[in-house]
Amino acid sequence: MGTLSPRAVLMLAVLAGLCAPPAAQGKPNFIVILADDLGWGDLGANWAETKETPNLDELAAEGTRFVDFHSAASTCSPSRASLLTGRLGVRNGVTHNFAVTSVGGLPLNETTLAEVLRAAGYSTGAIGKWHLGHHGRHHPNFRGFDYYFGIPYSHDMGCTDTPGYNVPPCPPCPQHGTSASPISKDCYTDVALPLFENLAIIQQPVNLSSLTEWYAEAAARFIQQASDSGHPFFLYLALAHMHVPLEVTPLPGRGIYGAALREMDALVGRIKRLADRHGRGNTLLWFTGDNGPWAQKCELAGRLGPFVGAWQRTRGGSPAKQTTWEGGHRVPALAYWPGRVPAEQTSRAVLSTVDIFPTLVALAEATLPPNRRFDGLDVSPVLFGQSDVGHKILLHPNSGAAGKDGEIETLRLAHYKAFYTTGGAKACDGSIGPEEHHRPPLIFNLDRDIQEQEPLDVASREYQAVLPSISRAYAQALEDIATDNVSVADYSKDPAAMPCCNAQHVACRCQVPASPTALLDRHTEKRAPRLCL
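The structure presented is a predicted model; accordingly, all values stated were derived computationally and were not measured. (Residues numbered from 1 in each chain as written. Predicted model: local features only at pLDDT ≥ 70, side-chain atom pairs only at ≥ 80, totals over all residues. Heavy atoms only, no water.)

## Observations concerning the packing of aromatic side chains
Applicable threshold: In this analysis, rings of Phe, Tyr and Trp, with Trp reduced to its six-membered ring, are considered paired at centre separations within 6.5 Å, and the interplanar angle assigns stacked below 30 degrees, edge-to-face beyond 60, and tilted for intermediate values. In this text, helices come from DSSP runs of H or I with a minimum length of four residues, and strands from runs of E with a minimum of two, each type numbered from the N-terminal end. Note on exposure labels: buried denotes an accessible area under 20% of the residue type's maximum, exposed denotes more than 50%, and partly exposed covers the range between, all computed with a 1.4 Å probe on protein chains only. Over a ring means this: the NZ of a Lys or the CZ of an Arg is within 6 Å of the ring centre and within 35 degrees of the ring normal.
This structure, assessed with the given rule, holds 17 aromatic pairs. Judged by centre distance (4.6 Å) and plane angle (10°), the rings of Phe 98 and Tyr 491 are stacked. Of this pair, Phe 98 sits in the loop between helix H4 (89-92) and helix H5 (113-119) while Tyr 491 sits in the loop between helix H12 (461-482) and helix H13 (516-521); the two residues are 393 residues apart in sequence, bridging distant segments of the chain. Plain terms: the ring middles of Phe 149 and Tyr 215 are 6.2 Å apart, the flat faces sit at 85° to each other, and that makes the pair edge-to-face. Of this pair, Phe 149 sits in strand E5 (residues 147-150) while Tyr 215 is found in helix H6 (residues 211-228), placing the two residues 66 residues apart along the sequence. Here Phe 149 matches Tyr 215 in class, with each residue buried. An aromatic cluster is present here, built from Trp 130, Phe 145, Phe 234 and Tyr 236 joined pairwise through their rings. If you follow Lys 297 out to its NZ or CZ, it ends over the ring of Trp 294, 4.7 Å from the centre. Over the aromatic face of Trp 311 sits the side chain of Arg 315, whose NZ or CZ is 3.6 Å from the ring centroid.

The following block contains the structure:
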C-alpha cells in the first residue's frame, strides 16, 4: 500500500472531525500565536518608541491588551510545555531545553491542550516551532495535533544555505562533502535544519527566506479546511520570529531587527484577516510570547521596555531571557474576539501563559484532565472584561541563568516580588551575573519600582509586614508541588534521534521544489520521505 502524502493526511485529519460529537458544532475557534524571544517593548501599543507593529497595534485597539502578562518560564521548551499543559516544569517535567539529539520530550503521561480539544470535537493544527521532542511519539502528531507543519526546534539548531543574521554569524551548510569550520560553538554544521509536514521531512535544509510565507500558507490551508469541515478548530502558531537568525532585508532607518519585527507583524495581520474571514465573532485570537528578548544577541535582540532589571545590571549579566527578572518573563499579550473580548481595553490583571490551557478548555466546554494540579486559571472573566483579577501568587521557575533549572526560587505576591536566588544571563558585552542566594529574600515593590532597582530594606516596616505572607505563600506553593502527580522528562541523547531525510548526503540534504507553493502542493516525491518514528 502506498504512503499517503502529507496533504492527504491533513485532509483526512480535518475530515475526521465529521465523526466528532455533534456538541462540537457552535463552539468557538481558537488561534494561539506564540512569538519567540519577543520583548515587552517590541509592540508599539506597549512602547511608543516601537514603530514596526501596525497590525499588532490594530489588534490591541480592537481587543484587550494585557500589560502584566507573563511567560511560564524564561526559555523555550519549559515555556511551551507549560502553555500546552497548564502546568509548570516542576510538575510536567520539562525544566530546560531539548536538543537536536534528544530521545525524549514532553512526558507522554502529560495531557496537552490539543488532546483535550480534539476529544471535544476540534480540528487541531500546530504550525512552527515545536521544541517539545521530535523523536518517536513525542512528535506533535502524537500529542493531539491532527496536522503539523514546521521546524521541530529552534531554527538556529541546524545549518541552512540561507543562514541569515546572527551574533556571531554562522556559516551555511557544507555542500558536496566539503566541511565547514564553525566560527562559533553555537553554530551547527553537521546536520541541516529540517522542515516537517506531519511525519515527513519535506525540506532539509530549510530555506529561511521563504519560511514566513510557508507558515502563512499552511495556516490559511488549515483554517480553510477546518472551516469547511463545519467543526471548530484550534491552531497553535509558534512563530520563528524574533529568534535568531533573522533572515530579512534590512529596512532603511530600522535595521535588521526592525525589518524582522515588521515581517512578523505582517504575518500576524494575515492571520487576523483569516480569522475574520472564516470565523469573525466566533474566533478567539490570543497573541503572546514565550519569554523575553535574548540580550546576548545585541542589536538582534528585542526591547525590554521599562523592565530593565536595574539591580542585576549593576552586578553584570542580562536581566532578560533565561532569568526571573521581569524582562525575562513579562511578555506582550493581546486577545481579540469581536463581540466577546472588549475593544480598546487595557487589563492590569496578573496573568500567565499557563492560563491559556484552562481558559480554552472552559470555553470549549471540555473537562480538565484528572489526577493532577494546574498552575493556570480559567481567566475568561478577565478576557470578557468582567473582572481584572488574575493571580494573587505567581511562580517564576529558574530558566538557566541561576539556580537549578525549573526550581521555584522567585515568586510574585500581589505587587511584591521576592527573589531567593538571582543571577544574570549572558549579556551583549559577554558578562554573566553571578548566582546569588538570598535568605531572607530580596523583595521589590513593583508598583513603585518596575525597574527592579532597589529592594526593600530588610529592616523597614514594609519589608517586615510583607515577609510573613511571602514566606507562607512560598511554603504552600512548594508543598502543593511536592504532593502533586509530577512527571519526569527523558533528557537522554542519541545521535540517531537527529532528524535526517538522507543520511547519505552531507548534512542530510534533500532535493526540494523551488517555490513555497510547489513545496506545499507536492503530493509525491521520487524519494521516500523520512518518517521520524
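## What to know about the packing of helix H2 (residues 54-62) against helix H7 (residues 255-279)
The condition that has to hold: Angles here are taken between N-to-C directions and fall from 0 to 180 degrees, while the axes themselves are lines fitted to C-alpha atoms, restricted in helices to the stretch in contact. For classification, angles of less than 35 degrees are called roughly parallel, those exceeding 145 degrees roughly antiparallel, those between 65 and 115 degrees roughly perpendicular, and all remaining angles oblique. By definition in these notes, contact holds between two residues if any of their heavy atoms fall within 4.5 Å. Each residue gets one of three labels, nonpolar for Ala, Val, Leu, Ile, Met, Phe, Trp, Tyr, Cys and Pro, charged for Asp, Glu, Lys and Arg, and polar for the others, Gly among them.
Between H2 and H7, whose axes approach to 7 Å, the crossing angle comes to 45°. Regarding the angle of H2 to H7, the classification is oblique. Contact residues: Pro 54, Asn 55, Leu 56, Glu 58, Leu 59 and Glu 62 in H2; Arg 262, Met 264, Asp 265, Ala 266, Val 268, Gly 269, Lys 272 and Arg 273 in H7. Of the residues in the contact of H2 with H7, the class split is six nonpolar, two polar and six charged.

## Side note on the sheet that holds strand E14 (residues 408-413)
Convention followed: At least two DSSP bridges between two strands are required for those strands to pair.
What the four strands build is an open sheet, ordered E13-E14-E15-E16; its pairing is antiparallel. A strand with exactly one partner marks an edge of an open sheet, and here the two such strands are strand E13 (393-397) and strand E16 (436-445). Ignoring strand direction, the axes of neighbouring strands in this sheet form an average angle of 20°. One ladder, built from five bridges, connects E13 with E14; its direction is antiparallel. Bridged to Leu 395 within E14 is Leu 411. The strands that H12 touches are E13, E14, strand E15 (416-422) and E16; relative to E14, the one it contacts most, it runs at about 125°.

## Observations regarding the sheet that holds strand E10 (residues 333-336)
Reading across the sheet, the ten strands line up as E7-E6-E5-E4-E8-E1-E9-E10-E2-E11 and stay open at both edges, with mixed pairing between neighbours. The open sheet has two edge strands, strand E7 (200-203) and strand E11 (345-347), and neither has a second partner. Taken over all neighbouring pairs, the strand axes of this sheet differ in orientation by 20° on average, direction set aside. Pairing between strand E9 (residues 283-289) and E10: four bridges, direction antiparallel. Bridge pairing links Thr 288 to Ala 333 in E10. Helix-sheet contacts for helix H3 (residues 76-85) involve strand E1 (29-35) and strand E8 (233-238), and the interaxial angle to E8 is about 170°.

## Things to note about the pairing of E8
Working note: regular strand, side chains alternate between the two faces of the sheet. Extensive coverage of E8 is indicated by the burial of six of its six residues. Across the two faces of E8 the burial is the same, with Phe 233, Leu 235 and Leu 237 and Phe 234, Tyr 236 and Ala 238 all buried. As paired strands, E1 and E8 are joined by five bridges and run parallel to one another. Following the sheet pairing, Phe 30 is matched in E8 by Phe 234. As paired strands, strand E4 (residues 123-128) and E8 are joined by six bridges and run parallel to one another. Bridged to Thr 124 within E8 is Phe 234.

## Thoughts on the environment of Ala 45
Tracing the sequence through the fold places Ala 45 in the loop between E1 and H2. On the accessibility criterion, Ala 45 (27% relative accessible area) is partly exposed. Between the C-alpha atom of Ala 45 and that of Arg 65, which follows or precedes it by 20 residues, the distance is 8.3 Å. Sequence-distant contacts of Ala 45, defined by excluding residues within four places in its chain, comprise Asp 57, Ala 60 and Arg 65.

## Quick word on H6
Selection criterion: Helix span is expected to be 1.5 Å times the residue number reduced by one.
Its 18 residues give H6 an end-to-end C-alpha distance of 26 Å, which sits within 8% of 26 Å, the value for a rise of 1.5 Å per residue. Among the 18 residues in H6, 13 count as buried, and that is most of the element.

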